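Below, each chain spelled out in residue letters.
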Amino acid sequence: MHKSGTSYWIYKAGDAWGICDVCGFRYYQSQLSKRWDGLMVCPSDHERRQPQDTIKSVKEKIYVENPRPEAADKFLAEGEITESDL
Ligand SMILES: [Zn+2]
């Protein structure tokens, strides 16, 4: 182990250096992970995809089922309905 306390420059067998696609800092490739957008990022730049991006909308039913055409207008002749019919 290096005396300086930082592991930034320490060689790790089988672990190559990688550059974070977002911040540009150097990390071991084992510390980088692929984000939802395909970028290889460090742990602090790793973020979940915004859940609203993949939201499924509910289909709206904007029609009336089993419709029928409107009936023809019926006009009353004068005197067809009298006061006694009411
Ligand atoms: Zn980063």
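The structure under discussion appears in the preceding block.
Residue numbers here run from 1 along each chain, matching the order of that chain's written sequence. Under the rules for a predicted model, residues below a pLDDT of 70 receive no local features and side-chain atom pairs below 80 are neither given nor counted, while totals for whole chains, interfaces and linings still include all residues.

(A) Just the overall build of the protein chain, in detail. The number of helices and strands found in the protein chain is zero helices and four strands. Scanning the protein chain from its N terminus toward the C terminus, one meets helices and strands in the order β-β-β-β. Classification of the 86 residues of the protein chain by burial places 5% in the buried group. Any two residues are considered in contact once their C-beta atoms, placed from the backbone, lie within 7 Å. Counted over contacts in the protein chain with a minimum sequence separation of 6, partners at least 24 positions apart contribute 2%. Strands are runs of DSSP state E lasting at least 2 residues, helices are runs of H or I lasting at least 4, and numbering of each runs from the N terminus. The exposure scheme places C-beta atoms from the backbone and then counts, for each residue, the other C-beta atoms within 10 Å of its own, assigning buried at 20 or more, exposed at 12 or fewer, and partly exposed in between.

(B) Local environment of unusual backbone geometry. Even without being a glycine, N66 presents a positive backbone phi close to 55°. Within the fold, N66 resides in the segment after β4 (40-41). Judged by the 4 C-beta atoms lying within 10 Å of it, N66 is exposed.

(C) Seen up close, the environment of E47. Inspection of the secondary structure assignment puts E47 in the segment after β4. Placed eleven residues apart in sequence, E47 and W36 show a C-alpha to C-alpha distance of 8.2 Å.

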